[in-house]
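Structural overview for review
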Amino acid sequence: MFIRSAVGFVVLCWLLSCSSPQPAPEPKSMAAENILPDEHGKKLFYQKCASCHMVNKDMSGPALKGVEDRWPDKKKLYAFIRNSEEVIRSDKYARELWLEWNQTQMLPHPDLTDEDIAAILVYIGSVSQ
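Residues numbered from 1 in each chain as written. Predicted model: local features only at pLDDT ≥ 70, side-chain atom pairs only at ≥ 80, totals over all residues. Heavy atoms only, no water.

**Observations concerning the confidence of the model for the chain**
- Here the chain shows a mean pLDDT of 81. Residues at 70 or above account for 70%.
- Of all helices and strands in the chain, the one with the weakest mean pLDDT is helix α1 (residues 2-19) (46), whereas helix α5 (residues 74-82) scores best (97).
- Note on residues 6-32: pLDDT is under 50 here. Beyond four places in sequence and across chains, it has 8 contacts. (pLDDT = per-residue confidence, 0-100. Helix = DSSP H or I, 4+ residues; strand = E, 2+ residues; numbered from the N terminus. Contact = heavy atoms within 4.5 Å.)

Below, the structure written as C-alpha coordinates:
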(Lines give C-alpha, C1' and ligand atoms only; values in the text may rest on other atoms or scores of the structure.)
Protein backbone atom coordinates (compact mmCIF):
# COMPACT_ATOMS: atom_id res chain seq x y z
CA MET A 1 0.00 0.00 0.00
CA PHE A 2 2.81 2.42 0.94
CA ILE A 3 4.68 1.70 -2.30
CA ARG A 4 1.55 2.33 -4.40
CA SER A 5 0.96 5.62 -2.56
CA ALA A 6 4.57 6.68 -3.01
CA VAL A 7 4.51 5.80 -6.71
CA GLY A 8 1.21 7.65 -7.10
CA PHE A 9 2.69 10.69 -5.36
CA VAL A 10 5.76 10.67 -7.62
CA VAL A 11 3.59 10.33 -10.73
CA LEU A 12 1.33 13.15 -9.53
CA CYS A 13 4.35 15.42 -8.90
CA TRP A 14 5.75 14.60 -12.32
CA LEU A 15 2.42 15.35 -14.02
CA LEU A 16 2.10 18.66 -12.18
CA SER A 17 5.62 19.68 -13.13
CA CYS A 18 4.95 18.88 -16.79
CA SER A 19 1.64 20.67 -16.98
CA SER A 20 2.37 23.81 -14.99
CA PRO A 21 3.82 26.65 -17.03
CA GLN A 22 7.44 27.35 -16.37
CA PRO A 23 8.42 30.99 -15.94
CA ALA A 24 10.27 32.46 -18.89
CA PRO A 25 13.96 32.97 -18.24
CA GLU A 26 14.94 36.52 -17.38
CA PRO A 27 16.72 38.28 -20.25
CA LYS A 28 20.40 38.53 -19.54
CA SER A 29 21.76 42.01 -19.32
CA MET A 30 25.30 42.97 -20.19
CA ALA A 31 26.04 43.46 -16.49
CA ALA A 32 24.81 39.96 -15.61
CA GLU A 33 27.08 38.47 -18.26
CA ASN A 34 30.04 40.72 -17.39
CA ILE A 35 30.17 41.96 -20.98
CA LEU A 36 31.56 45.40 -21.66
CA PRO A 37 29.25 47.67 -23.68
CA ASP A 38 31.66 47.89 -26.63
CA GLU A 39 31.96 44.06 -26.79
CA HIS A 40 28.19 43.69 -26.67
CA GLY A 41 27.89 46.49 -29.21
CA LYS A 42 30.43 44.90 -31.53
CA LYS A 43 28.54 41.62 -31.45
CA LEU A 44 25.24 43.38 -32.18
CA PHE A 45 26.82 45.57 -34.87
CA TYR A 46 27.96 42.49 -36.80
CA GLN A 47 24.61 40.74 -36.27
CA LYS A 48 22.33 43.67 -37.10
CA CYS A 49 24.21 46.40 -38.98
CA ALA A 50 27.24 45.10 -40.87
CA SER A 51 25.29 43.70 -43.82
CA CYS A 52 24.54 47.30 -44.88
CA HIS A 53 26.89 49.55 -42.88
CA MET A 54 30.56 49.93 -42.10
CA VAL A 55 31.85 52.27 -39.44
CA ASN A 56 34.19 54.35 -41.61
CA LYS A 57 33.00 53.67 -45.17
CA ASP A 58 29.72 53.90 -47.04
CA MET A 59 28.15 50.67 -48.29
CA SER A 60 24.51 50.22 -49.19
CA GLY A 61 23.94 52.38 -46.11
CA PRO A 62 26.00 55.32 -44.84
CA ALA A 63 29.14 54.98 -42.73
CA LEU A 64 28.10 55.10 -39.09
CA LYS A 65 31.06 56.97 -37.59
CA GLY A 66 29.64 60.16 -36.08
CA VAL A 67 26.01 59.06 -36.51
CA GLU A 68 25.03 60.48 -33.11
CA ASP A 69 26.38 63.90 -34.09
CA ARG A 70 24.37 63.89 -37.32
CA TRP A 71 21.05 63.23 -35.58
CA PRO A 72 19.68 66.30 -33.81
CA ASP A 73 17.49 64.16 -31.53
CA LYS A 74 18.81 61.01 -29.84
CA LYS A 75 15.29 59.64 -29.26
CA LYS A 76 14.56 59.88 -32.97
CA LEU A 77 17.83 58.12 -33.79
CA TYR A 78 16.82 55.22 -31.54
CA ALA A 79 13.32 55.21 -33.07
CA PHE A 80 14.83 55.26 -36.57
CA ILE A 81 17.01 52.26 -35.77
CA ARG A 82 13.96 50.37 -34.55
CA ASN A 83 11.64 51.41 -37.42
CA SER A 84 12.99 53.81 -40.04
CA GLU A 85 9.75 53.84 -42.05
CA GLU A 86 7.80 55.34 -39.18
CA VAL A 87 10.37 58.08 -38.50
CA ILE A 88 10.78 58.91 -42.20
CA ARG A 89 7.10 59.84 -42.30
CA SER A 90 7.39 62.41 -39.53
CA ASP A 91 10.98 63.68 -39.37
CA LYS A 92 12.63 66.03 -41.86
CA TYR A 93 16.20 64.74 -41.29
CA ALA A 94 15.11 61.10 -41.62
CA ARG A 95 13.28 61.90 -44.85
CA GLU A 96 16.31 63.72 -46.29
CA LEU A 97 18.51 60.76 -45.37
CA TRP A 98 16.05 58.37 -47.03
CA LEU A 99 16.02 60.46 -50.20
CA GLU A 100 19.83 60.74 -50.22
CA TRP A 101 20.14 56.95 -50.04
CA ASN A 102 17.84 56.22 -53.01
CA GLN A 103 14.71 55.87 -50.88
CA THR A 104 16.10 52.78 -49.21
CA GLN A 105 14.65 52.10 -45.80
CA MET A 106 16.75 50.58 -43.10
CA LEU A 107 15.70 47.13 -41.95
CA PRO A 108 13.61 47.42 -38.77
CA HIS A 109 15.11 46.26 -35.49
CA PRO A 110 12.23 46.42 -32.98
CA ASP A 111 13.99 43.84 -30.82
CA LEU A 112 16.85 46.19 -29.90
CA THR A 113 16.59 47.72 -26.44
CA ASP A 114 17.91 51.17 -25.56
CA GLU A 115 20.80 49.35 -23.86
CA ASP A 116 21.54 47.43 -27.08
CA ILE A 117 21.47 50.55 -29.25
CA ALA A 118 23.66 52.44 -26.79
CA ALA A 119 26.15 49.53 -26.85
CA ILE A 120 26.24 49.58 -30.66
CA LEU A 121 26.90 53.32 -30.60
CA VAL A 122 29.69 52.84 -28.02
CA TYR A 123 31.26 50.26 -30.31
CA ILE A 124 30.97 52.55 -33.35
CA GLY A 125 32.61 55.35 -31.36
CA SER A 126 35.46 53.04 -30.30
CA VAL A 127 36.46 52.08 -33.85
CA SER A 128 39.38 54.08 -35.20
CA GLN A 129 40.15 54.70 -38.85
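On we go.
**Regarding the pattern of salt bridges**
- A full pass over the atoms with the stated rule returns 5 salt bridges.
- For K76, the salt bridge is made with D91, and the minimal N-O distance between the two is 3.0 Å. Remark: D91 occurs in the loop between α6 (84-90) and α7 (92-100) and K76 occurs in helix α5; sequence separation between them is 15 residues.
- When its relative accessible area of 31% is taken as the criterion, K76 is described as partly exposed.
- Here D114 ties to R82 by a salt bridge, and the two come within 2.5 Å at their closest N and O atoms. Remark: R82 occurs in helix α5 and D114 occurs in helix α8 (residues 114-126); sequence separation between them is 32 residues. (Salt bridge = Lys/Arg side-chain N within 4 Å of Asp/Glu carboxyl O. Buried < 20%, exposed > 50% of the residue type's maximum accessible area, 1.4 Å probe, protein only.)

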